[in-house]
Every structure is written in structure tokens, then in C-alpha cells.
Amino acid sequence: MAAPPQGRSAGRESYFDNVKYLTIVLVACGHAWEPLTYGSRTVHAVYLFVYAFHMPAFALVSGYFSRSFDMAPGRLRRLITGVVVPYVVFEVAYTLFYRWAQDDPGYPVSLLDPWYLMWFLVALFVWRMSTPLWLQLRHPVPVALAIGTAVSMWPGAGGDLALQRVLQFLPFFVVGLVLRPEHFARLRTWRVRRAAPAVLAAAVVAAYAVEPWLDAGWFYHRSSVAGQGVPAWTGLIVTPALFVLALVLTACFLAWVPGRRLWCTALGTGTLYAYLLHGFVIKAARFGDWYAHPWLHTPLGELGVTALAVGGITLLCTGPVRRVFRPVVEPAMDWAFRPTRRERRAAARESAREQPARVTSGGG
């Protein structure tokens, strides 16, 4: 194995690859734990704790890596090939999978109604397309939070394209847009790292205390707050409070992510593959009633499910899986686009280099 590149930039890349890998592990564990939450207060409490920040962290990191999006032709092309095309392919694939698994051949294909985890690709498209606007605002985070809060009080929003979720998670994406490397460096100082475990432990204890009456739907943001059986005005308080809670827990999580290159660092580049593919396994487990076995609802069984989730999502991040599914997750679609200015210049330089060689060989 080649030695990892040295320097500050290499350290930052290792850090963020570690962040992406650990975040997708939390996503997989959350999905795997969901059927176990109905019979275990401990599992439900840990589930609430993880759901309080893992998707906000995912959105925040996505925002951080979208800071350079500026509607340039090359970036628009990557948005189409890396987000829009996978969305269409996997939305259709999940629908066909549902038809087969549930013996429901009439289940409709609808690109306006994202199925299960596909909402996040819709969110990525909407968020990135709006990035230039957010970067022009003086105070983008308060504006995004105001939009998310307003939508949380609007029962009529969110029918098509999962807009409730897209707009309620938007503030976390915008936070990522305004962050800079020095902000992450401050998070990883020893002062913050010493405080983070106490904060996370307190959050777990609090989750256990409120577990009997707190519904996880508060963290899904699938609908308005009225869907939780409270008045609409509650969103004015709850949505900003959940935003602050998620940011605090995300900061504590990010503070303890290792910055050096680890065995799992390279897996961080395959998190989109793991995200799109693991849903088939999760849904197969639900459709096949795999969780009906009583042993899975014992402490050892719950640990076993966790280990399988971690192992499975790790496998889906690996190089062989990426090579197999690259044509649908990161398709090469040069045939569909005109060459960019940079590509034309590169082709012209290559042609200029080849021309003397042709002349020389022809003169022999």
C-alpha cells in the first residue's frame, strides 16, 4: 500500500473521509435498530440519540463539500451524473424491488414521491442548486432556519419531492456551506474534546429519560409539527431547539473523529454507494420478517444486529462494490454533454503536442 500523502491538506482529507464513513455507519445502525425499538427502552433511547444528529451531520458535511458549487458547466454535469441519474435509477429500482417483495405489481413508479431513503438525493439536488444564492446572503443560516421553521408549521408543504424534509434539513446544509477548515480545527482542540464525552453522555441519559413519551418522528422531519399532535405554533419553539440540539451533538461527534489515516479512511469515498444500496437489505429484512426471531430482541441479539449493520455498510463502501455499481452511481456520460471549455483547451493542447510527432514521422 502506498504511503498516504503528507501535509495539512492530506490530514483534512483523511479527517473528512473518516467523518463520512462513521456517519454512514450511524445511518445504517439507525435503520437496522428501528424494528428493535418497539420492545426495548434502551435501544429506543440510543435510537433517539443517534437520530437527533446523524442526518444533520450528513447534511452539514454535504454542505461543506458543496461550497465550490457555482453553476459552472462541469459542476452541473457532475450534479446530473452524480445525483439526478442515480436518483432516477434507484427510485425505479426500489419501486421494482417493492413490487417483487410485496407481490404488488401495480405499485406506481413516481419520481415526485421519493421512496424510503431516496429523499436525500432530492435534497442534495435542491440544496446544491441553491448554493450560489446562500453564499450571497449576509446571514444565510438564520434565513435557512426561518424557512425550515416556517415549513415545519405548514401542513400543506412537503407532498411532492419530500419538500418537508428537504427544507427542514436545509439549515444544516447551509451551516456546512459557511464553515471553513479552521472551524473544524477548533472543534478538535483538547478543550472541546474533553467536554464532548460529557455532553454526549448527558444526551444519552436524557434520551433514556424521555423515551417513554418522545416519538422519533420529531427527528424525521417528514411532516409538519401538527403531525406529532401539537399545535402548529409549536414549530416556532421546537424546530430551532432541535436545530441547536443537533448542532451541539454534531459538534461533539466531529470533535472525536480521528484526523489521521485509518483502515476505514478510504471507505469514506464510497458512502454514497453504501447509502443507496443498504436500503435493499434493510427493506428485505422488514419484508421478509427477519426480525420476528425472539433472539434478536435480546441484548445479545441487538448487539448482533448492530455488528451486522456495521459490517454490511462497511462492505458496501469497499472498492469492489464501487467498481460493480459505478455505472449507475457515477455514470460516465460524456456522450450526453458538450465538452467544457477546459476540456476543449486540453484537447487542443494534446492535438498541438501530437502534430510535431506526425510531421516528424511523415518526413522519415
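I will try to describe carefully the structure that is included in this document. (Residues numbered from 1 in each chain as written. Predicted model: local features only at pLDDT ≥ 70, side-chain atom pairs only at ≥ 80, totals over all residues. Heavy atoms only, no water.)

1. Digging into the overall build of the chain
Consideration 1: Secondary structure assignment for the chain yields 17 helices and zero strands.
Consideration 2: Over its C-alpha atoms the chain spans a radius of gyration of 23 Å, differing by no more than 12% from the 21 Å that the globule rule assigns to 364 residues.
Consideration 3: Each principal axis of the C-alpha distribution contributes one length, and for the chain these read about 85 × 55 × 45 Å.
Consideration 4: Evaluated residue by residue, the chain yields a buried proportion of 45% over its 364 residues. (Helix = DSSP H or I, 4+ residues; strand = E, 2+ residues; numbered from the N terminus. Rg over C-alpha atoms; globule rule 2.2 N^0.38 Å. Buried < 20%, exposed > 50% of the residue type's maximum accessible area, 1.4 Å probe, protein only.)

2. What to know about empty space enclosed by the protein
Consideration 1: Here the structure, examined in full by the defined rule, presents three cavities of 30 Å³ or more.
Consideration 2: Roughly 90 Å³ of internal volume is contained in the largest cavity.
Consideration 3: Surrounding the largest cavity, Gln168, Gly217, Trp218, His221, Ser223, Ser224, Val225, Gln228, Val238, Thr239 and Leu242 form its lining.
Consideration 4: Those elements that place two or more of their residues in the lining of the largest cavity are α12 (217–220) and α13 (235–255).
Consideration 5: Looking at the lining of the largest cavity element by element, the count peaks at three residues for α13. (1 Å grid on protein atoms, 1.4 Å probe; cavity = no way out; pocket = protein on both sides within 12 Å on 5 of 7 lines; lining within 4 Å. Points joined across faces, edges and corners; volume = space filled by probe spheres on them.)

3. A word on the layout of surface pockets
Consideration 1: Size it by volume and the largest pocket reaches roughly 940 Å³.
Consideration 2: At the level of secondary structure, the elements contributing two or more residues to the lining of the largest pocket comprise α1 (8–33), α3 (54–64), α4 (73–101), α5 (119–129) and α14 (271–287).
Consideration 3: If you tally residues by element for the lining of the largest pocket, the top one is α4, at six residues.
Consideration 4: Along the lines of polarity and charge, the residues of the lining of the largest pocket split into 16 nonpolar, nine polar and five charged.
Consideration 5: Put simply, the second largest pocket is a space of about 790 Å³.
Consideration 6: Lining of the second largest pocket is provided by 35 residues; of these, Tyr116, Trp119, Arg165, Tyr220 and Arg222 occupy positions nearest its centre.
Consideration 7: Contributing elements (two or more residues each) for the lining of the second largest pocket: α1, α2 (41–51), α3, α8 (163–168), α12 and α14.
Consideration 8: Broken down by element, the lining of the second largest pocket gets its largest block of residues, four residues, from α14.
Consideration 9: Each residue belonging to the lining of the second largest pocket can be placed in one class, and the counts come to 19 nonpolar, nine polar and seven charged. (Nonpolar A, V, L, I, M, F, W, Y, C, P; charged D, E, K, R; others polar.)

4. Looking at α2
Consideration 1: The buried count for α2 comes to eight of eleven residues, which makes it a mostly enclosed element.
Consideration 2: Among the residues of α2, Val43, His44, Ala45, Tyr47, Leu48, Phe49, Val50 and Tyr51 are the ones counted as buried.

5. Thoughts on unusual backbone geometry
Outside of glycine, negative phi angles account for most residues, and trans bonds account for most peptide bonds.
Consideration 1: We note that Tyr116 has phi near 60 degrees; this positive angle belongs to a residue other than glycine.
Consideration 2: Relative to the elements of secondary structure, Tyr116 occurs in the loop between α4 and α5.
Consideration 3: Given a relative accessible area of 24%, Tyr116 falls into the partly exposed group.
Consideration 4: Look at Ala162: it is not a glycine, yet its phi comes out positive at around 50 degrees.
Consideration 5: Assignment of secondary structure puts Ala162 in the loop between α7 (140–152) and α8.

6. With respect to the pattern of salt bridges
Consideration 1: Within the structure shown, the criterion is met by six salt bridges.
Consideration 2: Of the charged contacts, one joins Arg286 and Glu34 as a salt bridge, the two residues approaching to 2.5 Å between their closest N and O atoms. Here Arg286 is found in helix α14, whereas its partner Glu34 is found in the loop between α1 and α2, with 252 residues between them in sequence.
Consideration 3: Relative accessible area serves as the criterion here: at 38%, Arg286 is assigned to the partly exposed category.
Consideration 4: The residue Arg77 makes a salt bridge to Asp334 at a minimum N-O spacing of 3.7 Å. Here Arg77, found in helix α4, pairs with Asp334, found in the loop between α16 (319–329) and α17 (341–363); they are 257 residues apart in sequence, far enough to count as distant.
Consideration 5: Arg77 gets classed as buried once you look at its relative accessible area, which sits at 12%.
Consideration 6: A residue is classified by how much of its surface remains accessible, and Asp334, at 56% relative accessible area, is exposed. (Salt bridge = Lys/Arg side-chain N within 4 Å of Asp/Glu carboxyl O.)

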